[in-house]
Amino acid sequence: MASNMALVSSGQPNAGSLSLLPTLSAEILTQIFTTHAPSDIEKLDVESLFSIVNNVLNRATMTVDTVLQLQPGTGPHEATEHLEDKRQGSFIPPLCAFKKISGEMQCKGPGEKIAGETTLSILKKLSSYSWDAKAVLTLATLALDYGEFCLLAKTQSSDQLAKSMGTLKGVPVLFERLKKHSQAVDDLKKVIKATVEVIKCIIDVTKLSNYAKKDVAVAVYWAIETIVASTTQLCYLITDEEKKQELHPYADKLSVILTDLKKEKAQKKEEEDYRKLKEIVNTPKDLVEVLEKILIDPTNKMPPLIDGSTEKTVEINTLKGKSVFLFISGLHISIDDNSILKPFLDKTGKEDQYRIIWIPFVKQWTEDLKKKFKTLGSKMLYVAMDYSLPISTHRYINQKWNFKFNEPLIVAFNQQGKVECKNAIHMIRVCGVEAFPFTRAREETLLMEKGLIGLTATHVVSQIENWIKEKKYIFLYGGQDNEWIQNFSKSAKVLVDDPMIKEKEISIESVPIQDDNILKRFWNKIKNLFTSRAQRETKMDSMKLHIEKLISYKKKKKEWAVLSQGSSIIVISGKTMLKVLVEFESWKQSLKEKDFQSVFIEYHNKVLVPDDQICHHMKIPYNTAKIPETMECSHCHRIMDTYISFKCCHKDGASWA
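Basis of the calculations
- Residues numbered from 1 in each chain as written.
- Predicted model: local features only at pLDDT ≥ 70, side-chain atom pairs only at ≥ 80, totals over all residues.
- Heavy atoms only, no water.
- Phe/Tyr/Trp six-rings, centres within 6.5 Å; stacked < 30°, edge-to-face > 60°.
- Helix = DSSP H or I, 4+ residues; strand = E, 2+ residues; numbered from the N terminus.
- Buried < 20%, exposed > 50% of the residue type's maximum accessible area, 1.4 Å probe, protein only.
- Contact = heavy atoms within 4.5 Å.
- Pairing = 2+ DSSP bridges.
- Axes fitted to C-alpha atoms, helices over the stretch in contact; angles between N-to-C directions.
- Salt bridge = Lys/Arg side-chain N within 4 Å of Asp/Glu carboxyl O.
- Core = buried A, V, L, I, M, F, W, Y, C linked by side-chain atoms within 4.5 Å.
- Parallel < 35°, antiparallel > 145°, perpendicular 65-115°, else oblique.
- Left-handed = near helix turned anticlockwise from the far one by under 90°.
- Nonpolar A, V, L, I, M, F, W, Y, C, P; charged D, E, K, R; others polar.

*Asks:* Mind showing me how you'd approach the packing of aromatic side chains here?
*Replies:* The description of an aromatic ring pair rests on the distance of the ring centres and on the angle between the ring planes. Enumeration according to the criterion identifies 27 aromatic pairs in this entry. Summarising the aromatic geometry, the rings of F325 and F436 are spaced 5.5 Å apart at their centres and angled 50° between planes, so their arrangement reads as tilted. Of this pair, F325 sits in strand 2 (residues 323-329) while F436 sits in the loop between helix 16 (425-431) and helix 17 (440-456), and the two are 111 residues apart along the sequence. Comparing F325 with F436 shows no difference in burial state: the two are buried. Here F344 and F438 contribute two aromatic rings whose centre-to-centre distance is 5.4 Å and whose plane-to-plane angle is 65°, an arrangement assigned as edge-to-face. Of this pair, F344 sits in helix 13 (residues 335-350) while F438 is found in the loop between helix 16 and helix 17, placing the two residues 94 residues apart along the sequence. Across this residue pair, the class does not change: F344 and F438 are buried. Through a chain of ring-to-ring contacts, three or more aromatic side chains come together here, namely Y473, F475, Y477, W484, F488, F584, W587, F596, F600 and Y603.

*Asks:* Got a minute to help me understand the environment of K525 in this structure?
*Replies:* In this structure, K525 sits in helix 21 (residues 516-534). Judged by its relative accessible area of 6%, K525 is buried. With near-sequence residues (within four places) excluded, K525 lies in contact with R429, V430, L455, T456, T458 and H459.

*Asks:* Sorry if this is basic, but what is going on with the sheet that holds strand 1 (residues 306-307) here?
*Replies:* What holds strands together in a sheet is hydrogen bonding between their backbones, with the strands either parallel or antiparallel. Taken in spatial order, the six strands line up as 1-4-3-2-5-6 in an open sheet, and their pairing is mixed. The strands lining the two open edges of the sheet, one partner per strand, are strand 1 and strand 6 (419-421). Pairing of strand 3 (residues 354-360) with strand 4 (residues 382-383) involves two bridges; the strand directions are parallel. Each residue of the ladder has a partner; that of I357, found in strand 4, is Y382. Contacts from helix 14 (residues 367-377) reach strand 3 and strand 4 within the one sheet, and its direction differs from that of strand 3 by about 175°.

*Asks:* Before we go on, may I ask you to explain the side chain of T118 in this structure?
*Replies:* Assignment of secondary structure puts T118 in helix 5 (residues 112-125). Once residues within four sequence positions are removed from consideration, T118 is found in contact with E104, M105, K108 and V228.

*Asks:* Would you mind going over unusual backbone geometry with me for this structure?
*Replies:* Residues other than glycine predominantly adopt negative phi, and peptide bonds predominantly adopt the trans conformation. Residue P437 is bonded to the preceding F436 through a cis peptide linkage, with omega at 5°. Among the secondary structure elements, P437 is positioned in the loop between helix 16 and helix 17. We note that F438 has phi near 70°; this positive angle belongs to a residue other than glycine. Of note, E505 is a non-glycine position whose phi angle comes to about 55°, a positive value. As for its placement among the helices and strands, E505 is situated in the loop between helix 20 (499-503) and strand 8 (508-513).

*Asks:* Can you walk me through the pattern of salt bridges in this structure?
*Replies:* Pairs may arise between side chains of opposite charge once their charged atoms sit close together. Applying the stated criterion across every chain, the model contains 30 salt bridges. A salt bridge links K342 to D346, with the nearest nitrogen and oxygen atoms 3.0 Å apart. Placement of both K342 and D346 in helix 13 is noted, with a separation of four residues, approximately one turn of the helix. Overall, D346 belongs to the partly exposed group, its relative accessible area being 34%. Ionic pairing is found between E583 and K579, a salt bridge with its closest N-O pair at 2.7 Å. Accessibility expressed as a relative area gives 22% for E583, which makes it partly exposed. Taken together, the salt bridges that share partners define one network made up of E47, K200, D204, K207 and K265.

*Asks:* Just to check I follow, could you spell out the nonpolar core for this structure?
*Replies:* Grouped together as the largest cluster of nonpolar side chains are 71 residues, with contacts concentrated most on I32, L137, L139 and I199. Among the elements of the structure, helix 1 (26-35), helix 2 (46-69), helix 4 (95-105), helix 5, helix 6 (131-155), helix 9 (182-206), helix 10 (213-239) and helix 11 (248-282) are those that each provide at least two residues to this core. No other element matches the 15 residues that helix 10 contributes to this core.

*Asks:* How do you make sense of the packing of helix 17 against helix 21 when you look at a structure like this?
*Replies:* Interhelical geometry of helix 17 versus helix 21 gives an angle of 150° and a closest axis separation of 11 Å. Judged by the inter-axis angle, helix 17 sits roughly antiparallel to helix 21. Considering the relative orientation of helix 17 and helix 21, their crossing is left-handed. Here helix 17 contributes E443, E444, L447, L452, L455 and T456 to the contact with helix 21, which in turn contributes F522, K525, I526, L529, S532 and R533. For the contact of helix 17 with helix 21, the per-class residue count stands at six nonpolar, two polar and four charged.

*Asks:* Hey, could you run me through the sheet that holds strand 9 (residues 560-565) in this one?
*Replies:* Within the open sheet, the four strands sit side by side as 8-7-9-10. Their pairing is mixed. Every interior strand has two partners, whereas the edge strands, strand 8 and strand 10 (568-573), have only one. Recorded for the sheet is a direction-independent mean angle of 15° between the axes of neighbouring strands. Two strands pair when backbone bridges link them, and strand 7 (residues 473-478) and strand 9 are joined in this way by six bridges, in the antiparallel orientation. Bridging across to strand 9, Y477 finds its partner in A561. Sheet contacts for helix 22 (residues 542-555): strand 9 and strand 10; angle to strand 10, the most-contacted strand, approximately 30°.

*Asks:* For this particular structure, what's the right way to read the environment of K268?
*Replies:* Examined against the element boundaries, K268 turns out to sit in helix 11. Among the residues examined, K268 registers a relative accessible area of 8% and is labelled buried. Residues K268 and L208 lie 60 residues apart in sequence; the distance between their C-alpha atoms is 7.0 Å. Discounting residues that sit within four places of it in the chain, K268 has contacts with L208, N210, Y211 and A212.

*Asks:* Please explain the pairing of strand 5 (residues 409-413) as it appears in this structure.
*Replies:* On a regular strand, each side chain points to the face opposite its neighbour's, so the side chains alternate between the two faces of the sheet. The buried fraction of strand 5 amounts to five of the five residues, a majority that puts the element mostly inside the structure. Both faces of strand 5 are covered, namely the face carrying L409, V411 and F413 and the face carrying I410 and A412. Examined bridge by bridge, strand 2 and strand 5 share five bridges and lie antiparallel to one another. Across the sheet, residue V324 finds its bridge partner in strand 5, namely F413. Two successive antiparallel strands, strand 5 and strand 6, enclose a turn made up of five residues, where G417 displays a positive phi of approximately 90°.

Interpretation note: all reported values are geometric properties and have no functional meaning in isolation.
Here's what the structure looks like:
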């Protein structure tokens, strides 16, 4: 059928269609889709029918092989007895459909043109069936003829009815000619096997909700035309006519179709699995269901979980009713992270309500890495091999949880399977095990009790935590200009020691940060606190605005200072803050009538230094947080412009610098 091989002359192919699939003319495609009108009335158990048909074809082929090979002492019965089909007992065959198809295929002449016309006629008669049903029904009709010949050949020596039936069907003639036409028989066997594989793939693809219908329709067309050609070849073997049906072109087409359908199946299945995983994680009903979707790959026989200390398999169902942490990391965990993670691992191991599952991500396993994995795994409660995870899980962890090999990730699930925290590592870096179990409620409690300074600066001076509880005023300041820091310290001391301040019992503490290591740790905590807040919501709150302002001073390498009372931030600035302290004599009389905080803010706004009025800039590492939809400038309060910047990972210093 020459016209069938022409490229589609008009229109664009469907998005995601199979590029190598044998094409059909626009006219043929239109006819195929015009005849397709699936109905709920014509329901067919496609998988059961396919299973039975596959069984028939396997048995028939083994019978033919036995006859061809003339193996003494091995009859067809013994050779095929091991094959079973458990579905055939309850299956109701669509006999009318078989007769319609058989009537179209019988006694047709060879050639692509006739085969193509017959295929279109069959598709019209099967218009009310689904795509996969059309292919399986046609294959079943071939199996009935092919299987009948082999069954009669198998039983005619012991059953007179079978012998007479076989004579009418031409069985004795057929099997006499098998050796003469051994190559034609071999071609038929191969093309039937290829057709079965293609139809099995069609069934699998059509189970997916997002399959490309045009590609499946084309594949079904060629599968049916191949079956028509195979039926013609079977007739040729019986009649011994010279007009042989060539099957090689169909075998070539099926090979291409099978390759591309497998690609389509893998691609669409991955997309479908990813969609289902997102749906289950976003709207969980049960923790075990969520974990099964994340951890179990149906194609992999490896156990999803093992106990790190005993290396014994752990059943996922034992996690029902627990709160679970997924600890996802490479095998190279920094010394700093290791030190803060150990208390978390110890606490999780001791409390029965909580369980931790380690998922080690490795790009390429080596013997050294396997040894390191075994050492680290022995310290973990449960371990999931990253190479046994579904592809959709790898994709989800990378894209939705922004996992990077050099950055550990801890995802906290509650007992219902809801994600309480997308990455608890940031809160652990800020608060340590005190943030456990990393719920939103726990984070909000810590923020309320400790505030920005209490969470990020307790390592600077150990008394800060007590000062916060006592509602003291705290000046925390730093920068690269040592002279500025010294001036700030002197001015702050003058303020603290002033008789009026003491008389009114205003308790003030002054804390400079000058040590490089202490300062580095402070900025790391600031960064992690911002990231922790950003991953929970997209709008800026007051805490994030304060952090944004601090980071802006760091980025501009400006001197900075924070005035807080208890857990609340009063004001953040740089040169302006020093100016207020230096000019204390100008505003201290106001303390007779107003409280310290009101007077300080009022004078601060009055003498605001131009350098402290510059609108701020933020660079947020993409892999560390949920990017806010909008960000408000902490100075002018207008919405900031958004840009995307790419920066090489081989960099000196943090991207927040």
